[in-house]
Amino acid sequence: QVQLVESGGGLVQAGGSLRLSCTASTRTIRFFGRGWFRQAPGAEREFVAAISYNGGSTAYADSVKGRFTISRDNAKNTVYLQMNSLKPEDTAVYYCASSRSINYGGPLMEDYDYWGQGTQVTVSS
């Protein structure tokens, strides 16, 4: 079973930055699409960003476009989410996800097979 371990969450003031990391337990993950989702209290889980297997294609939710950047280092089995200009409405538990069959998952949760445990991001005003 593939395990995804996230790190990098925390408390930051509005306008600040955080970098999330998600490392997979297997190298086979490098062939498939990966993504980030988030879930705020009382809300449904929503798409944040996605990246293709080789990093050549990316997609972002409109709410984070221009502020967040997704990237990956396949040599380290790791995907990153650089978050700049954070806003209080970015407060949520952030989850990384990986597909086991699709090389670019995009915004649909059903395209992903493996999920991390989540990391809390809190942005104070």
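Summary of the structure given here. Small disclaimer: the values here were computed from a predicted structure and weren't measured.

## Notes on unusual backbone geometry
So, point 1. In this model, Asn-77 sits at a positive phi of 55 degrees, which is unusual for a non-glycine residue.
So, point 2. With respect to the helices and strands, the residue Asn-77 is situated in the loop between β7 (68-73) and β8 (78-83).
So, point 3. Overall, the relative accessible area of 11% leaves Asn-77 in the buried class.

## Points about the nonpolar core
So, point 1. Core analysis: the biggest nonpolar cluster contains 31 residues, and Trp-36, Val-48, Phe-68, Leu-81, Met-83 and Tyr-94 have the highest contact counts within it.
So, point 2. When contributions to this core are tallied by element, the ones reaching two or more residues are β3 (18-24), β4 (34-39), β5 (46-51), β7, β8, β9 (92-98) and β11 (119-124).
So, point 3. When residues in this core are grouped by element, the largest group, five residues, is from β5.

## Side note on the state of the cysteines
So, point 1. As enumerated under the stated definition, the model contains one disulfide in all.
So, point 2. Here Cys-22 engages in a disulfide with Cys-96; their sulfurs sit 1.9 Å apart. Taken as a pair, Cys-22 in strand β3 and Cys-96 in strand β9 lie far apart in primary sequence, 74 residues in all. Accessibility assignment for this pair places Cys-22 and Cys-96 in one class, buried.

Thresholds applied
Residues numbered from 1 in each chain as written. Predicted model: local features only at pLDDT ≥ 70, side-chain atom pairs only at ≥ 80, totals over all residues. Heavy atoms only, no water. Helix = DSSP H or I, 4+ residues; strand = E, 2+ residues; numbered from the N terminus. Buried < 20%, exposed > 50% of the residue type's maximum accessible area, 1.4 Å probe, protein only. Core = buried A, V, L, I, M, F, W, Y, C linked by side-chain atoms within 4.5 Å. Disulfide = S-S within 2.5 Å.

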